[in-house]
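Here's the letter readout for the chains.
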Amino acid sequence: MDEMTTLKNFRPDAPAPDRARLAPGRQRLLDAAERRHRRRFWPRADWKLAAAGAAAGVAVAAVLVAQVAQVAPTTDTHQVGAEYATEPTDGQWLYQKTLTRQSTLNFRDDLNPVPQKGAPAYTELTQETWTQYGSGKIHHMLPDGTRNPVIGGGNGGSPKKLRQKVEKLPSEPQQLLRSLSEVIRLGGDYQRIQYTFSSTDTIPFEVRLSLFRALKTIPGVVVRPQLVEDAMGRPALAVHPSDDNPFTRTTHRRDELLLDPETYEYRGERTMMLVGGMIDSKVTTEETLIRVSAVQRFAAAVNEPGVRP
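Procedures and definitions
Residues numbered from 1 in each chain as written. Predicted model: local features only at pLDDT ≥ 70, side-chain atom pairs only at ≥ 80, totals over all residues. Heavy atoms only, no water. Buried < 20%, exposed > 50% of the residue type's maximum accessible area, 1.4 Å probe, protein only. Helix = DSSP H or I, 4+ residues; strand = E, 2+ residues; numbered from the N terminus. Pairing = 2+ DSSP bridges. Salt bridge = Lys/Arg side-chain N within 4 Å of Asp/Glu carboxyl O. Contact = heavy atoms within 4.5 Å. pLDDT = per-residue confidence, 0-100. Phe/Tyr/Trp six-rings, centres within 6.5 Å; stacked < 30°, edge-to-face > 60°. Axes fitted to C-alpha atoms, helices over the stretch in contact; angles between N-to-C directions. Parallel < 35°, antiparallel > 145°, perpendicular 65-115°, else oblique. Nonpolar A, V, L, I, M, F, W, Y, C, P; charged D, E, K, R; others polar.

*Asks:* What should I look at first to understand the pairing of strand S8 (residues 235–241) in this one?
*Replies:* The two faces of a sheet get side chains in turn, since along a regular strand they alternate between them. The element S8 is largely enclosed, with a buried count of five among its seven residues. Pairing analysis gives three bridges linking strand S6 (residues 221–223) to S8, with the strands arranged antiparallel. Residue valine 223 lies in a different strand from S8, and its bridge partner there is valine 239. Relative to S8, strand S7 (residues 228–229) is paired through two bridges, and the arrangement is antiparallel. Counterpart to valine 228 in the pairing with S8 is alanine 236. Once S7 ends, the chain turns through five residues before running back antiparallel as S8, passing glycine 233 with a positive phi of about 85 degrees.

Structure below.
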């Protein structure tokens with residue numbers, strides 16, 4: 001049994017927090033960030049660090065990334081320090097665990113998935129990944145408990161390089177979007193921010209806040225009014241392109257980015273079959289959960305793949 005399940009069992013009758021209960025805390029974070037921006041003005045520094053300083057970061061649950069963001073906000077550029085107690089060395093490995101709940105529908109046709117007879121509604125899959133901080137090389141733990149050989153790095157380069165670039169993103173939304181397009185060449189503004197959240201091992205709070213604000217300025221991007229749950233049952237904001245975009249219109253499937261409703265940390269992803277799709281040759285009249293994941297990241301780097309923090 002994992003730590004989150006143990007914690008939930010202490011109070012099994014406690015209701016899940018809805019957006020209304022979480023809104024005051026989230027607004028306090030937003031207000032605090034705005035006050036700090038108003039108090040200080042630093043000359044524009046683009047991709048250079050504008051000033052030294054630190055502010056207390058956000059502490060998260062022990063099973064998640066215990067990120068302590070050392071930040072000194074500026075008008076144009078984020079000033080940041082290490083999210084880890086000490087920055088990982090180039091040879092160390094960052095550990096991530098992903099839990100995915102997958103519908104057992106058989107997707108021979110996206111518009112007409114067929115339930116598998118006798119199968120449970122969902123299956124669960126846990127994947128563990130080790131990524132070398134300096135090189136971006138990746139190890140995966142296979143379902144049989146063995147590790148696959150080292151494979152190449154991700155599209156954004158090594159965790160070290162990606163983190164350094166993300167930490168220097170401007171805070172103003174339009175400047176941030178322009179700068180991010182130089183860091184990640186593929187996709188549109190929404191896809192680049194989605195990739196940043198899902199691929200950067202650690203992002204300081206103020207940068208996460210700026211990324212979220214920039215998301216809301218992108219035409220056609222929706223932040224769902226009601227909180228949803230990730231695969232671990234944690235409350236999350238669901239962000240996605242509007243349902244009239246070509247992919248959703250064609251497939252009747254909506255892919256959602258999940259963020260923590262107070263800290264804007266990356267929670268995972270969610271895929272929904274929308275009203276109007278077809279299941280078992282019948283037109284769906286309500287949204288159907290197809291896939292949902294929950295990502296756990298750990299601040300402690302390890303010295304070799306296969307070792308857990």
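*Asks:* Got a minute to help me understand the pattern of salt bridges in this structure?
*Replies:* Two side chains bearing opposite charge may form a pair once their charged atoms approach each other closely. Counted by the stated rule, this structure contains 12 salt bridges. Linking arginine 192 and aspartate 189 is a salt bridge whose minimum nitrogen-to-oxygen distance equals 3.1 Å. Highlighted residues: arginine 192 and aspartate 189, both in helix H5 (residues 189–199), separated by three residues, approximately one helical turn.

*Asks:* Would you mind going over the environment of glutamine 194 with me for this structure?
*Replies:* If you trace the backbone, glutamine 194 turns up in helix H5. Exposure remark for glutamine 194: the relative accessible area of 18% places this residue in the buried category. For the pair glutamine 194 and glutamate 256, spaced 62 residues apart in sequence, the C-alpha to C-alpha distance is 9.4 Å. For glutamine 194, the contacting residues outside a window of four places in its chain are Leu257 and Glu269.

*Asks:* Help me understand the confidence of the model for the protein chain in this model?
*Replies:* Low pLDDT means the predicted atomic positions in that stretch should not be read closely. On average, residues of the protein chain score 76 in pLDDT, and 69% of them are at 70 or above. Scored below 50 in pLDDT, residues 18–22 makes 15 contacts in the model with residues more than four places away or belonging to other chains.

*Asks:* Would you mind going over the packing of aromatic side chains with me for this structure?
*Replies:* A ring pair, where both rings are aromatic, is described by two values, the distance of the centres and the angle of the planes. For the coordinates displayed, the defined rule picks out three aromatic pairs. Ring centres of tyrosine 95 and phenylalanine 298 lie 5.3 Å apart, and the angle between their planes is 45 degrees; on these two criteria the pair is classed as tilted. Of this pair, tyrosine 95 sits in strand S3 (residues 93–103) while phenylalanine 298 is found in the segment after strand S13 (288–297), placing the two residues 203 residues apart along the sequence. For the pair tyrosine 95 and phenylalanine 298, a shared accessibility class is recorded, and that class is buried.

*Asks:* What exactly am I supposed to notice about the packing of helix H4 (residues 173–183) against helix H6 (residues 205–217) here?
*Replies:* In helix packing, the relevant descriptors are the interaxial angle and the interaxial distance, both defined with respect to the helix axes. Here H4 crosses H6 at 95 degrees, and the two axes come no closer than 9 Å. Compared by their axis directions, H4 and H6 come out roughly perpendicular. Side by side, H4 and H6 meet where Pro173, Gln174, Leu176 and Leu177 of the first sit next to Ser210, Leu211, Ala214 and Thr217 of the second. Classifying every residue of the contact of H4 with H6 gives five nonpolar, three polar and no charged.

*Asks:* Hey, could you run me through the environment of phenylalanine 107 in this one?
*Replies:* Within the element layout of this structure, phenylalanine 107 appears in the loop between S3 and strand S4 (122–132). Judged by relative accessible area, phenylalanine 107 falls into the partly exposed class, the value being 25%. A C-alpha to C-alpha distance of 9.9 Å links phenylalanine 107 and isoleucine 279, two positions 172 residues apart in sequence. Once residues lying within four places of it in the same chain are set aside, the contact partners of phenylalanine 107 are Gln102, Pro113, Met273 and Ile290.

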